[in-house]
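# Remarks on the overall topology
Chain by chain, the residues:
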Amino acid sequence: AGRYAGLDRFKARERIVKDLEAQGLLVRAKDYTIALGKCVRCGTIVEPRLSTQWFIKIKPLAERAIEVVENGEITIVPENYQQIYLNWMHNIHDWCISRQLWWGHRIPAWRCADCKDMMVARETPTKCTHCGGAVLEQDTDVLDTWFSSGLLPFTTLGWPEKTRDQDVFYPTTLLITAYEILFFWVARMIMFGCHFMQGHRQDPKLKQASGWSDKKDDSVPFRQVYIHALVRDAERQKMSKTKGNVVDPINIIERFGTDATRFTLAAMAAPGTDIAFSEDRTKGYRNFANKIWNAARFMFMSVDTAQQAGVWSLEEFREAASEGTRATQGVRGFEAGSLEDRWILSRFNGVVNYVNQALETYRFHEAANLIYDFFWGEFCDWYIELIKPRLTPQSGTATESVRVCKNLVSLFEAALRLLHPVMPFITEEIWQAVYDGKPPQKSIALAVYPQTDEKQMEPRAETEMAVLQDLIVSVRNLRAELKVETKSKVPIQVFAHEPELRMLIEQNRGAVERLANVENIRFVESSLAKEAGARSTPRFDVHVVYEKTIDAAAERERLKKELERIEKEITNGRRQLGNEQFLSKAPAQVVEGIRRRAQELQILRSKTETALNELR
Ligand SMILES: [Zn+2]
Ligand SMILES: [Zn+2]
């Protein structure tokens, strides 16, 4: 720096300007704006400075890292991150691995004090390989933190020695991380694994047992990468201390419970999208936990009643369940008799099927929502309500109430196992109680996860129950529209042209009367679509007989909206059925379903039109 050496940079600048001026070399001085880097801590202006650094020639490492992802040895979920990863790897630059910090792996490079030659070695050298000089100084730079952490998958397993741990645990199955370090960390682990572990073979027995026999390359550090969502605030803003929008999980847990918090995160974890954390959702899931707790109390009360009557006890369930463990991975010890039994058993196995598929493909939000809908909607709101009369020994025979009690416990136990991964604490608590503190495994976490048992599935029971539910919900809605007082029972008329359907409703008369608060059901021989206070579905018409006149204008509005909705669905169906590409790709039963629905919609439309004309 010559005559400016040792000067403060700002002083030096002034001096230079002055010197240029003195020599007549300065044309003019002018203000302009530039981007200025500043120290985050003290605000001092940062100046760029050229220096010597260590670099890694990245091409050969990147090529292998591209190869293993392209040929499917490693899969990245969701898929769009696979493309992002590959784009990065294709456009990668040589990697500067030296850092001027105190902490870190020191770079194994030494400089000779005599000839200034540089040498890199595994062991600390004693003399210069070039001139033989004995004064050697190790470089003070340390490795980039991503270099060190990129080595983690095998350094933790004893590398560079060959160890049994490597045979067993390398490669691991799944790496879960957020997208910001896909390039920094995940990519480096893949590069280093492919390089340093080249030729490694995992124990073939373990490899097969984990289901990876189709993979050829065992040098990769893991088989799958799952990129999880980031949690943002309810307005989708990234949380930051300066913005003051940080949600403290401990606080949420204290207010809503650990299970509700965990469930919220799972239910919102749609792959590829971030989570906009909202307390309202968590509040809703706390209610869900309460619902389960209340259902459990109801179950234990019923069990107590049976126990006091000396007809059945949990001991018998525990025996049946331990036998059932071998017989089925579905619901153990369930004896399906009535329609609601066959229906709930079938539904449970159907839900289990979808939940397992969702978990396998890391669609945690789908799994959580499926379990939620089943547990709350079908199990608590429908099944428990439907079995109540059969549970009390006075109204049914003792054998019947025993069966109902047993089924309730069986199904509850299986549903707890299904729910456990997303609500671990409440499920453990109830499960332990079901086994009276002496469970077959130490924890529900060790119990087998429910699997679909095809033998427990019965589509017919599901179709039949759907009709009954439709009927009950229709009557409930009509009652609300007609403003029938909650307590008063009303008679209904039903038109069902299929004899089987009529028989189905006849057989489940009690359930309909109880759940829809109906006084009695009268079957009629002609359509009820024209009646005020009636509802039409493709398979039945139902009319709530209630004296109060209905609001014709409101009813007309409702029917108009209904008609619009039907028209829209008809158009959509036509579009699908007219689309050759769709027809050639869609599964046969899906196409068949759309055709059937199209026919139903025609019936619905004409019924709704009739009703509307009647009101005019
Ligand atoms: Zn500073
Ligand atoms: Zn030397």
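Residues numbered from 1 in each chain as written. Chains lettered and ligands numbered in written order. Predicted model: local features only at pLDDT ≥ 70, side-chain atom pairs only at ≥ 80, totals over all residues. Heavy atoms only, no water.

What follows covers the overall build of the protein chain. Broken down by element type, the protein chain carries 22 helices and 16 strands. The globule rule puts the C-alpha radius of gyration for 616 residues at 25 Å, and the 35 Å found for the protein chain is more than 25% above it. Here the protein chain holds 616 residues, and the buried ones make up 43% of them. Put simply, of all contacts in the protein chain between residues at least 6 apart along the chain, 71% involve residues at least 24 apart. As displayed, the protein chain has an accessible area near 35,200 Å², and 53% of this comes from carbon and sulfur atoms. (Helix = DSSP H or I, 4+ residues; strand = E, 2+ residues; numbered from the N terminus. Rg over C-alpha atoms; globule rule 2.2 N^0.38 Å. Buried < 20%, exposed > 50% of the residue type's maximum accessible area, 1.4 Å probe, protein only. Contact = heavy atoms within 4.5 Å. Areas by Shrake-Rupley, 256 points an atom, 1.4 Å probe, with all protein chains shown as cover.)

This part takes up the coordination of the zinc ion (ligand 1). The protein atoms donating to the zinc ion (ligand 1) are Cys39 (SG) and Cys42 (SG), with metal-donor distances spanning 2.2 to 2.3 Å. Classification of cysteine 42 as exposed rests on a relative accessible area of 57%. (Donors = N, O, S within 2.8 Å, 3.2 Å for Na, K, Ca; no water.)

As far as domains go, the protein chain holds domain 1 (1–49), domain 2 (55–106 + 141–228), domain 3 (261–457) and domain 4 (554–616). Distance from the C-alpha centre of domain 1 to the C-alpha centre of domain 2: 46 Å. (Domains from an automatic or database assignment.)

Below, the discussion takes up the sheet that holds strand β7 (residues 136–138). Strand order in the open sheet formed by 3 strands is β6-β5-β7, with antiparallel pairing between adjacent strands. Bordering the open sheet on either side are β6 (118–120) and β7, each of which pairs with just one other strand. Strand-to-strand twist in this sheet, taken as the mean axis angle between neighbours without regard to direction, amounts to 30 degrees. Judged from the 3 bridges that link them, strand β5 (residues 109–112) and β6 form a sheet pairing that is antiparallel. (Pairing = 2+ DSSP bridges. Axes fitted to C-alpha atoms, helices over the stretch in contact; angles between N-to-C directions.)

This next bit is on a nonpolar patch on the surface. Judged by side-chain polarity, Ile16, Val17, Leu20, Leu25 and Leu26 come together as a nonpolar surface patch covering roughly 370 Å² of accessible area. Along the chain, the position of leucine 20 falls in helix α1 (residues 9–22). Taking relative accessible area as the criterion, leucine 20 reaches 32% and is therefore assigned partly exposed. (Patch = residues over 30% accessible without salt bridge, like charges linked within 9 Å, V, L, I, M, F, W, Y side chains within 5 Å. Salt bridge = Lys/Arg side-chain N within 4 Å of Asp/Glu carboxyl O.)

This brings us to the packing of helix α2 (residues 59–70) against helix α7 (residues 182–196). Orientation of α2 relative to α7, taken along the N-to-C sense of each, is 100 degrees, at an axis distance of 8 Å. Classed by the angle they form, the pair α2 and α7 counts as roughly perpendicular. Of the residues in α7, those in contact with Leu61, Ala62, Arg64, Ala65 and Val68 of α2 are Ile190, Met191, Phe192, Cys194 and His195. Here the residues of the contact of α2 with α7 are counted per class, giving 8 nonpolar, 1 polar and 1 charged. (Parallel < 35°, antiparallel > 145°, perpendicular 65-115°, else oblique. Nonpolar A, V, L, I, M, F, W, Y, C, P; charged D, E, K, R; others polar.)

Okay, the environment of threonine 328 next. As for its placement among the helices and strands, threonine 328 is situated in the loop between α12 (314–327) and α13 (339–360). A residue is classified by how much of its surface remains accessible, and threonine 328, at 10% relative accessible area, is buried. Once the C-alpha coordinates of threonine 328 and lysine 455 are considered, the two residues, 127 residues apart in sequence, prove to be 9.4 Å apart. Setting aside residues no more than four positions away along its own chain, threonine 328 makes contact with Asp453 and Gln456.

A separate point is the coordination of the zinc ion (ligand 2). Taken together, Cys112 (SG), Cys115 (SG), Cys128 (SG) and Cys131 (SG) make up the full set of protein donors to the zinc ion (ligand 2), lying 2.2 to 2.4 Å away. For the zinc ion (ligand 2), the 4 donor atoms in the first shell make angles of 101 to 113 degrees at the metal, so the coordination geometry reads as tetrahedral. When the donor residues of the zinc ion (ligand 2) are listed from N- to C-terminus, their spacing reads C-x2-C-x12-C-x2-C. On the criterion of sequence distance, the pair formed by cysteine 115 in the loop between β5 and β6 and cysteine 128 in the loop between β6 and β7 is long-range, its members being 13 residues apart. (Tetrahedral: all angles 85-135°; square planar, octahedral: opposite > 155°, others 65-115°.)

On to the nonpolar core, then. Counting residues in hydrophobic clusters, the biggest one holds 94 residues, and the most contacted among them are Phe379 and Phe412. In this view, phenylalanine 379 contacts Ile344, Phe374, Ile384, Leu408, Leu411 and Phe412; residues no more than four positions away in its chain are not counted. Ala62, Ile74, Tyr85 and Phe192 belong to the second largest nonpolar core, which has 41 residues in total. (Core = buried A, V, L, I, M, F, W, Y, C linked by side-chain atoms within 4.5 Å.)

All right, on to α13 then. Taking 1.5 Å per residue as the helical rise, α13 with its 22 residues ought to reach 32 Å, and the 32 Å between its terminal C-alpha atoms agrees with that figure. Two residues or fewer past α13, tyrosine 362 is found with a positive phi of approximately 60 degrees. (Expected span 1.5 Å × (residues − 1).)

With that settled, consider the pattern of salt bridges. Evaluated as defined, the whole model comprises 45 salt bridges. As a salt-bridge pair, aspartate 381 and lysine 291 come within 3.1 Å of each other at their nearest N and O atoms. Residue aspartate 381 is found in helix α14 (residues 364–391), and its partner lysine 291 is found in helix α11 (residues 279–308); the two are separated by 90 residues along the sequence. Shared partners join several salt bridges into a network, and the residues in it are Glu335, Glu340, Asp341, Arg390, Glu400, Arg403 and Lys406.

Further remarks concern the sheet that holds strand β15 (residues 534–536). Taken together, the 4 strands give an open sheet; going across it, the order is β14-β13-β16-β15, and neighbouring strands pair in mixed fashion. Each edge of the open sheet carries a strand with a single partner, namely β14 (518–523) and β15. In this sheet, neighbouring strand axes are inclined to one another by 20 degrees on average, regardless of whether the strands run parallel or antiparallel. Here 4 bridges tie strand β13 (residues 490–495) to β14, and the two strands are oriented parallel to one another. The residue bridging glutamine 493 from the neighbouring strand is arginine 522, located in β14. Relative to the sheet, helix α17 (residues 459–481) contacts β13, β14, β15 and β16 (541–544), its axis offset from that of β16 by approximately 35 degrees.

Next up on the list: the side chain of serine 410. In this fold, serine 410 is placed in helix α15 (residues 398–419). A polar atom in the side chain of serine 410 sits 2.9 Å from the backbone oxygen of arginine 332. (Polar contact = N/O pair within 3.5 Å; in protein donor to acceptor, adjacent residues only side chain to side chain.)

Our next topic: the packing of aromatic side chains. Counted under the stated rule, the structure contains 30 aromatic pairs. Plain terms: the ring middles of phenylalanine 375 and phenylalanine 412 are 5.7 Å apart, the flat faces sit at 75 degrees to each other, and that makes the pair edge-to-face. Note that phenylalanine 375 is positioned in helix α14 and phenylalanine 412 in helix α15, a separation of 37 residues in sequence. By the burial criterion, phenylalanine 375 is buried, and phenylalanine 412 matches it. Grouped by ring-pair contacts, the aromatic residues Phe263, Tyr285, Phe288, Tyr372, Phe375, Trp376, Phe379, Tyr383 and Phe412 constitute a single cluster. One Lys or Arg, arginine 188, reaches over the ring of phenylalanine 183 and ends 4.7 Å from the middle of that ring. Cation over ring: arginine 476 sits above tryptophan 382, and NZ or CZ is 5.3 Å from the ring centre. (Phe/Tyr/Trp six-rings, centres within 6.5 Å; stacked < 30°, edge-to-face > 60°. Lys NZ or Arg CZ within 6 Å of the ring centre and 35° of its normal.)

A separate point is the packing of α14 against α15. As a packed pair, α14 and α15 sit with axes 11 Å apart at the nearest point and diverge in direction by 170 degrees. In this view, α14 runs roughly antiparallel relative to α15, as classed from their interaxial angle. Contact with α14, carried on its side by Ile371, Phe375, Phe379, Tyr383, Ile384, Ile387, Arg390 and Leu391, involves Glu400, Ser401, Val404, Cys405, Asn407, Leu408, Leu411, Phe412, Ala415, Leu416, Leu418 and Leu419 of α15 and no other residues of that element. Counted by class, the contact of α14 with α15 contains 16 nonpolar, 2 polar and 2 charged residues.

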